[in-house]
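# Per-entry structural report
Single-letter residue listing:
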Amino acid sequence: MTRYMPITGIDCTIPSLLIDTEAPVDVLHETAAYRIRSVTQLLETLSLGEALGGDAALLQEFARVLAIQLRDGCDLLDVVGRRLRAQL
């Protein structure tokens, strides 16, 4: 595994957002958990009522933002998993 891994959400030839795969595992995990918790909190808020008023364009934008956060969290958890498997 290379030291710096680009996040998967950005499709470009020169990535600028990278994950330090050698960062402490607890830091990687906490960063992933933060991303996933933020998505969870927003989804829970949206599920409680008509917060967006049924605006399809606004719902699409929220979905895009939430997908980015979830993808980042999954990328971080992937690095944590690789690091843990390497210790076995």
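These numbers were taken from a predicted model, which means no experiment stands behind them.

What counts as what
Residues numbered from 1 in each chain as written. Predicted model: local features only at pLDDT ≥ 70, side-chain atom pairs only at ≥ 80, totals over all residues. Heavy atoms only, no water. pLDDT = per-residue confidence, 0-100. Helix = DSSP H or I, 4+ residues; strand = E, 2+ residues; numbered from the N terminus. Axes fitted to C-alpha atoms, helices over the stretch in contact; angles between N-to-C directions. Parallel < 35°, antiparallel > 145°, perpendicular 65-115°, else oblique. Left-handed = near helix turned anticlockwise from the far one by under 90°. Contact = heavy atoms within 4.5 Å. Nonpolar A, V, L, I, M, F, W, Y, C, P; charged D, E, K, R; others polar. Salt bridge = Lys/Arg side-chain N within 4 Å of Asp/Glu carboxyl O. Buried < 20%, exposed > 50% of the residue type's maximum accessible area, 1.4 Å probe, protein only.

Here we come to the confidence of the model for the protein chain. Confidence in the prediction for the protein chain averages 89 pLDDT; 93% of positions are at 70 or higher. Looking over the protein chain, one finds the lowest element-wise mean pLDDT in helix α2 (residues 56–87), namely 92, and the highest in strand β2 (residues 18–20), namely 96.

Turning next to the packing of helix α1 (residues 25–47) against α2. Axes are the key here: two packed helices are described by the angle between their axes and the distance separating the axes. At a minimum axis separation of 8 Å, α1 and α2 run at an interaxial angle of 155°. With respect to their mutual orientation, α1 and α2 come out roughly antiparallel. Classified by chirality, the crossing of α2 by α1 is left-handed. Of the residues in α2, those touching α1 at Val-25, Leu-28, His-29, Thr-31, Ala-32, Arg-35, Ile-36, Ser-38, Val-39, Leu-42 and Leu-43 are Phe-62, Leu-66, Gln-69, Leu-70, Asp-72, Gly-73, Leu-76, Leu-77, Val-79, Val-80 and Arg-83. Here the residues of the contact of α1 with α2 are counted per class, giving 14 nonpolar, 5 polar and 3 charged.

So, on to the pattern of salt bridges. Pairing is possible between side chains that carry opposite charge, provided their charged atoms lie close to one another. The final tally for this structure, using the stated rule, is 6 salt bridges. As a salt-bridge pair, Arg-3 and Asp-20 come within 2.6 Å of each other at their nearest N and O atoms. With Arg-3 in the segment before β1 (4–6) and Asp-20 in strand β2, this residue pair connects regions lying 17 residues apart in the sequence. Taking the relative accessible area as the measure of exposure, Arg-3 reaches 35% and is therefore partly exposed. Its salt-bridge partner being Glu-22, residue Arg-3 comes within 3.4 Å of it at the nearest N-O pair. Linking Arg-3 in the segment before β1 with Glu-22 in the loop between β2 and α1, this pair joins segments that are 19 residues apart in sequence. The exposure class of Glu-22 is exposed, given its relative accessible area of 51%.

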